[in-house]
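# Remarks on the overall topology
Letter by letter, the chains look like this.
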Amino acid sequence: MSVKVYVPSPWRNLTGGKARVEVAANDIAGLLGSMEALYPGFMSHVVDETGEVFHHVNIFVNQELISHSQGLHTTLQDGEEVAFVPALAGGNSAYLGAEKEPASRGRETIDLNALKAGGFIMQRQGNFFSLRLKVPVGNITGEQLMKVADVAQRYGKGHVHLTMRQGIEIPFIRLDDFNAVTGELAIVGLGLGACGARVRVVTACQGTAICPHALGDTHSLAGKLDERLYGRWGLPHKFKMGVTGCPNACAKPQENDLGFMAVVEPVFDESGGHECIACGLCVDLCPGKAIQLVDGKPVIDRGRCFHDARCIMHCPTGSWRARREGWNAYVGGKWGRQPQLGVLFAEFLSEEQAVDLAERTLAAYCRLANKGERLGSLINRLGLATFKGAVYHEQPCP
Ligand code: SF4
Ligand code: SF4
């Protein structure tokens, strides 16, 4: 039997970052053996040395807890979905890397910081939590939306909150329902969002998938950043990334600790039969007023160019073409009490270079920043040139 397995984010270092994998197994015990063979170390997250499933790990088959069925002997049918969902409460905060002491409430010990870091945020009402979902690049399927609505109706108060960073929160969830809710959401591929001092979900605009102005595939870059870096913990403070598909900057890359913007550098080139007819369209459409017609030919002032490629897109004779294209990187942006915009850090990076830069930037930030210091504050303290030197000497994260 081939079944789909949902792997929770803290265990994905074993599966090369994959949230879902397929394995052959006839029952849960067999599935654990297959997972261990393919991803050594997997079993140690699930069962203790006596072979008993840890109390803090819930295993669902098609949304049904195996503890309500045949336990490890629960049989599997072809195409069924198995989700492993580690609980966050009850003293297993090490799983999330929480550093503060657990808080006590009644007879139960609850690590509120661990819950919050894992996307389960205590409300001001005390006994309710707002469940933050991970919605990478702001894309969510109809099936997932229906499940979110269903969960909000059955476990919450029937509404959701759309966050500032393309996420969804389901408020008014009770702690007792945490495992059931996260298990149901996991079945449709929805995990929990990160909070606290972690790498947060990567935001992005629609990019070349949808937007006519776009110059870069935002979904591809944001997806790779998310796959490589999302959820990393033990940081000095939060770390946010945003990816935007053109200089219109709809995804606000300069508000992020690290932001990327797709850009194109134009060059006037009449070779190959692309002779300019001096229509002046590029002059009129250029938002930076960077082009002038001089003796019937366009001349560009590069200092005024936004790199949005309008001249290239609209020239009727194809006399403008791209000389360089890629991603500009901005570092040090943040909002909050002391807002500041990110500054230009690198230009015309390939997608691979952008991901590499993100890994190095995060590594340098973790090494150099004081606890509680955002990347922008670190750069203010060190100076951009010093920080840049540190980034380029940094090894990418393992
Ligand atoms: S890329 Fe945009 S801003 Fe630059 S010259 Fe062309 S139209 Fe003007
Ligand atoms: S839009 Fe093209 S053809 Fe018209 S002036 Fe500019 S370069 Fe020349």
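Refer to the structure presented above.
Just so it is clear, the model here is predicted, and its values are computed rather than measured.

With that settled, the discussion passes to the overall build of the protein chain. Scanning the protein chain for helices and strands turns up eleven helices and 18 strands. Reported as C-alpha extents along the three principal axes, the dimensions of the protein chain are approximately 85 × 50 × 40 Å. Out of the 398 residues in the protein chain, the part that is buried amounts to 48%. Across the protein chain, contacts joining residues at least 24 apart in sequence account for 62% of those joining residues at least 6 apart. Summed over its atoms, the accessible surface of the protein chain is roughly 19200 Å², and 51% of this surface lies on carbon and sulfur atoms.

Before going further, it helps to examine the packing of helix H9 (residues 351–368) against helix H11 (residues 384–393). Where H9 meets H11, the axes come as close as 8 Å, and the angle between the chain directions of the two elements is 115 degrees. When the interaxial angle is binned, H9 and H11 end up roughly perpendicular. The chirality of how H9 crosses H11 is right-handed. Note on element contacts: H11 touches H9 through Phe387, Ala390, Val391 and Tyr392, opposite Leu357, Arg360, Thr361, Ala364, Tyr365, Arg367 and Leu368. Here the contact of H9 with H11 is built from residues that sort into eight nonpolar, one polar and two charged.

Once that is clear, we can look at the pattern of salt bridges. Considering all chains together, one arrives at 17 salt bridges under this definition. Salt-bridge contacts for Glu265 lead to Arg324; the nearest nitrogen and oxygen are separated by 3.0 Å. Taken together, the residues Glu265 in strand E14 (residues 258–268) and Arg324 in strand E17 (residues 320–331) connect sequence positions 59 residues apart. Judged by relative accessible area, Glu265 falls into the buried class, the value being 8%. Through salt bridges that share partners, Lys147, Asp150, Arg154 and Glu184 make up one connected network.

The rules behind each value
Residues numbered from 1 in each chain as written. Chains lettered and ligands numbered in written order. Predicted model: local features only at pLDDT ≥ 70, side-chain atom pairs only at ≥ 80, totals over all residues. Heavy atoms only, no water. Helix = DSSP H or I, 4+ residues; strand = E, 2+ residues; numbered from the N terminus. Buried < 20%, exposed > 50% of the residue type's maximum accessible area, 1.4 Å probe, protein only. Contact = heavy atoms within 4.5 Å. Areas by Shrake-Rupley, 256 points an atom, 1.4 Å probe, with all protein chains shown as cover. Axes fitted to C-alpha atoms, helices over the stretch in contact; angles between N-to-C directions. Parallel < 35°, antiparallel > 145°, perpendicular 65-115°, else oblique. Left-handed = near helix turned anticlockwise from the far one by under 90°. Nonpolar A, V, L, I, M, F, W, Y, C, P; charged D, E, K, R; others polar. Salt bridge = Lys/Arg side-chain N within 4 Å of Asp/Glu carboxyl O.

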